[in-house]
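# Structural description and commentary
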Amino acid sequence: MGGVALDDCGSKVKAPDGGWGWAVLFGCFVITGFSYAFPKAVSVFFKELIREFGVGYSDTAWISSILLAMLYGTGPLCSILVNRFGCRPVMLVGGLFASLGMILASFATSIIHIYLCIGVITGLGLALNFQPSLIMLNRYFSEKRPLANGLAAAGSPVALCCLSPLGQILQYEYGWRGGFLILGGILLNCCACAAVMRPLVPPKKSETLGIENASDDGDKQSKPKHKLLDFSVFRDRGFVIYTAAASIMVLGLFVPPVFVVSYAKELGNEDTKSSLLLTILGFVDIFARPTCGIIAGLQWVRPRCVYLLSFAILFNGITDLVGCLSKDYNALVVFCIFFGISYGMVGALQFEVLMAVVGTEKFSSAIGLVLLFEAIAVLVGPPSAGRLLDSTKNYMFVFLLAGIEVVISAFVLAICNFLFIKKKPEAPEAAVEAGDTVKAKNHSSTPAIEEPPKANGNPEKPKNAGDLRLESVVEDPPEVETFLKVKYEQKKNVACSPESDL
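Read on for an overview of the structure. A quick note: this is a predicted structure, and the numbers were derived from the prediction, not measured. (Residues numbered from 1 in each chain as written. Predicted model: local features only at pLDDT ≥ 70, side-chain atom pairs only at ≥ 80, totals over all residues. Heavy atoms only, no water.)

## A closer look at the overall build of the protein
Helix and strand content of the protein: 22 helices and 0 strands. Out of the 502 residues belonging to the protein, those deemed buried represent 44%. Counting contacts in the protein only where the partners sit at least 6 residues apart, residues at least 24 apart contribute 86% of the total. With the model as given, the accessible surface of the protein reaches about 27,100 Å², and the carbon-plus-sulfur share is 65%. (Helix = DSSP H or I, 4+ residues; strand = E, 2+ residues; numbered from the N terminus. Buried < 20%, exposed > 50% of the residue type's maximum accessible area, 1.4 Å probe, protein only. Contact = heavy atoms within 4.5 Å. Areas by Shrake-Rupley, 256 points an atom, 1.4 Å probe, with all protein chains shown as cover.)

So, in structure tokens, the structure goes:
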């Protein structure tokens, strides 16, 4: 495809940190919102589906679970497709898949049909949009990347606050079939976002290059070495530590938002009052993510961004541990405020840290592998918390388990990075060599004065040490030569004066 070569060169082109990158950021904002908020927005239609197909709530809950599993579990597949075809074509196909799945689901005759349409097809379509959008964001931003990641991550709470009420309105006005059909049309906006993801074009080479250099460059470009999935990232200690910590974190990170509404209802609060807790959490999350992105971009903080992420994860885990002691609605409101802050910090930093660990060239493969491991944790975490709730009938143990898992991941990330990831300062010898190189370049910039060739054409004899010393005197600066000439003239004048004869 024509855009493949250009897209492959994106990692070698300097990030513009602006310009068209802001359009790419807006597209990533929309895609992130659809990817994270859509599984939760679909849950609005669960009661109608239960009534339509005569199934239980656990059966309908599989729709969101399959959708999330496709979003995370197809990470390696997305990496292979991006490395083969580029980001924009993959996202265009993904937008069509996401929309097609919802449209087909509106004609469903069984719950299995909805599993396949929404869970598999729409989930695959969102996955084909989410990962490439982050890759393009990484290519367009370097200096402002923490802020860009924070703004893009804010799309998740914004879309959640918009899609959930919209789903309720669509269900009331058009039923679940009409609602699915309209949501399928809305998901076509993913194709518009894909069209915005313009590949970075490398600067044109000057036309004054020699024919041999041009032929060599042509040979190199004709035989590129592409890795569809680069497993060499596992040789990087930082990537292995990040993957292990992220997998442990995901076990408990999504548990509180799933159970906090049920916890509030268990305490005797109304349904609308209990649902307001998620609105509070999302509203705080909207402001927490860009703010954390600004803080992460500070000159002193950015080199230590991995420790800021460790603090955010630890903050989230401690919030869960304290939240398990909540006994009334006001305590749950305070819990949602602090959880929204910490959750937003984690959301703004997780991909920023991964980009900093593996770099631009390997990020497309790294994020796919990380999402695969997180998919396993997503499938294990909430169901295990549900089983714990069924056996104990106490929400305190659910929040306690989630907090312990998140705190462990924070310690794994911070301690392992401190012990095993050591910065390699520039050696003094390297600095001296660099200085000598610079000096050599500065001297070489002034052309040497060459003596004209001798008439007989004989080569010069090798110079001995005495000749070198004499040559050093001759090559003195102009001021010294002028001073010596003045002294020589004064001596001549003294020798020729009548007073000196006397």
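## Observations concerning the side chain of asparagine 316
Among the secondary structure elements, asparagine 316 is positioned in helix 15 (residues 305–323). Among all residues touching asparagine 316, those that are not within four sequence positions of it are Leu253, Phe339, Ser342, Tyr343 and Val406.

## What about the packing of helix 5 (residues 75–85) against helix 17 (residues 363–392)?
Put simply, helix 5 and helix 17 touch, their axes get as near as 7 Å, and they point 165° apart. In terms of orientation, helix 5 lies roughly antiparallel with respect to helix 17. In the crossing of helix 5 with helix 17, the sense of the turn from one axis to the other is right-handed. Contacts between helix 5 and helix 17 involve Gly75, Pro76, Ser79, Val82 and Asn83 from the first element and Ser364, Ser365, Gly368, Leu369, Leu371 and Leu372 from the second. (Axes fitted to C-alpha atoms, helices over the stretch in contact; angles between N-to-C directions. Parallel < 35°, antiparallel > 145°, perpendicular 65-115°, else oblique. Left-handed = near helix turned anticlockwise from the far one by under 90°.)

## So, the side chain of serine 326
Looking at the secondary structure, you find serine 326 in the loop between helix 15 and helix 16 (329–358). From its side chain, serine 326 meets the backbone oxygen of glycine 323 in a polar contact 2.9 Å long. Not counting residues within four places of it along the chain, the set of residues in contact with serine 326 comprises Tyr263, Ala331, Leu332 and Phe335. (Polar contact = N/O pair within 3.5 Å; in protein donor to acceptor, adjacent residues only side chain to side chain.)

## Some thoughts on helix 2 (residues 21–41)
Given a rise of 1.5 Å per residue, 21 residues ought to cover 30 Å, and the 29 Å separating the end C-alpha atoms of helix 2 matches this to within 8%. At serine 35, helix 2 shows its largest kink, close to 30°, and the proline proline 39 lies no more than four residues downstream. Counting buried residues in helix 2 gives 16 out of 21 residues, a clear majority hidden from the surface. (Expected span 1.5 Å × (residues − 1). Bend = angle between axes of the 7 residues up to and from the residue.)

## Focus on helix 15
Given a rise of 1.5 Å per residue, 19 residues ought to cover 27 Å, and the 27 Å separating the end C-alpha atoms of helix 15 matches this to within 8%. Residues Cys305, Val306, Leu308, Leu309, Ser310, Ala312, Ile313, Asn316, Gly317, Thr319, Asp320 and Gly323 constitute the buried set of helix 15. In this structure, the buried residues of helix 15 make contact with helix 12 (237–253), helix 13 (255–266), helix 14 (271–296), helix 16 and helix 18 (395–420).

## Here we look at the packing of helix 8 (residues 145–153) against helix 9 (residues 155–186)
At their nearest, the axes of helix 8 and helix 9 sit 5 Å apart, and the two run at 15° to each other. As the angle between them shows, helix 8 and helix 9 are arranged roughly parallel. Across the interface between the two elements, Leu151, Ala152 and Ala153 of helix 8 pack against Gly155, Ser156 and Pro157 of helix 9. Its residues assigned to classes, the contact of helix 8 with helix 9 shows 4 nonpolar, 2 polar and no charged. (Nonpolar A, V, L, I, M, F, W, Y, C, P; charged D, E, K, R; others polar.)

## Concerning the packing of aromatic side chains
Scanning all chains against the criterion turns up 16 aromatic pairs. Here the aromatic rings of phenylalanine 130 and phenylalanine 351 are separated by 5.9 Å at their centres, their planes lie at 70°, and the arrangement is edge-to-face. Of this pair, phenylalanine 130 sits in helix 7 (residues 111–140) while phenylalanine 351 is found in helix 16, placing the two residues 221 residues apart along the sequence. By relative accessible area, which is 7% here, phenylalanine 351 ends up buried. Taken together, the ring pairs connect Phe254, Tyr263, Phe335, Phe339, Tyr343 and Phe399 into an aromatic cluster. Sitting over the face of the ring of tryptophan 20, arginine 198 holds its NZ or CZ atom 4.4 Å from the ring centroid. Of note, lysine 273 hangs over the ring of tyrosine 329, and the distance from its end group to the ring centre comes to 4.6 Å. (Phe/Tyr/Trp six-rings, centres within 6.5 Å; stacked < 30°, edge-to-face > 60°. Lys NZ or Arg CZ within 6 Å of the ring centre and 35° of its normal.)

## Considering the nonpolar core
Of all hydrophobic cores here, the largest spans 126 residues; its most connected members are Phe38, Ile63, Ile114, Phe180 and Leu354. With 16 residues, helix 16 is the largest single contributor of residues to this core. (Core = buried A, V, L, I, M, F, W, Y, C linked by side-chain atoms within 4.5 Å.)

## Focus on the environment of leucine 276
Its place among the elements puts leucine 276 in helix 14. Taking C-alpha positions, leucine 276 is 9.1 Å from valine 333, a pair spaced 57 residues apart along the chain.

## Some remarks on a nonpolar patch on the surface
A cluster of nonpolar side chains, Phe231, Phe234, Val240, Leu372, Phe373, Ile376, Leu379 and Val380, forms an exposed patch at the surface whose accessible area comes to about 680 Å². Among the elements that take part in the nonpolar patch, helix 17 stands out by supplying 5 residues, more than any other. When you line up the elements, valine 240 lands in helix 12. The class of valine 240 is partly exposed, set by a relative accessible area of 38%. (Patch = residues over 30% accessible without salt bridge, like charges linked within 9 Å, V, L, I, M, F, W, Y side chains within 5 Å. Salt bridge = Lys/Arg side-chain N within 4 Å of Asp/Glu carboxyl O.)

## Some remarks on empty space enclosed by the protein
Scanning the entire structure with this criterion turns up 2 cavities of 30 Å³ or more. In this structure, the largest cavity occupies an estimated 200 Å³ of space. Considering the residues around the largest cavity, the lining is formed by 19 residues, among which Tyr36, Arg289, Gly347, Gln350 and Phe351 are closest to the centre. Broken down by secondary-structure element, the contributors of at least two residues to the lining of the largest cavity are helix 2, helix 7, helix 8, helix 12 and helix 16. (1 Å grid on protein atoms, 1.4 Å probe; cavity = no way out; pocket = protein on both sides within 12 Å on 5 of 7 lines; lining within 4 Å. Points joined across faces, edges and corners; volume = space filled by probe spheres on them.)

## Looking at the environment of tyrosine 343
Summarising the element assignment, tyrosine 343 is placed in helix 16. Expressed as a C-alpha distance, the spacing of tyrosine 343 and alanine 288, which sit 55 residues apart in the sequence, is 8.3 Å. When residues no more than four places from it in sequence are discounted, the contact partners of tyrosine 343 are Lys40, Leu253, Phe254, Asp285, Arg289 and Asn316.

## Things to note about the pattern of salt bridges
According to the stated counting rule, one finds 4 salt bridges in the structure shown. For arginine 177, the salt bridge is made with glutamate 52, and the minimal N-O distance between the two is 3.8 Å. In this pair, arginine 177 sits in helix 9 while glutamate 52 sits in helix 3 (residues 46–53), placing the two residues 125 residues apart along the sequence. Among the ionic pairs, aspartate 285 bridges to arginine 289, the shortest N-O distance being 2.7 Å. Residue aspartate 285 and its partner arginine 289 are both found in helix 14; the two are separated by 4 residues, about one turn of the helix. For the pair aspartate 285 and arginine 289, one class covers both residues: buried.

## So, the environment of alanine 192
Along the chain, alanine 192 falls in helix 10 (residues 189–196). Each C-alpha atom, one on alanine 192 and one on methionine 91, is 9.5 Å from the other, the two residues being 101 residues apart in sequence.

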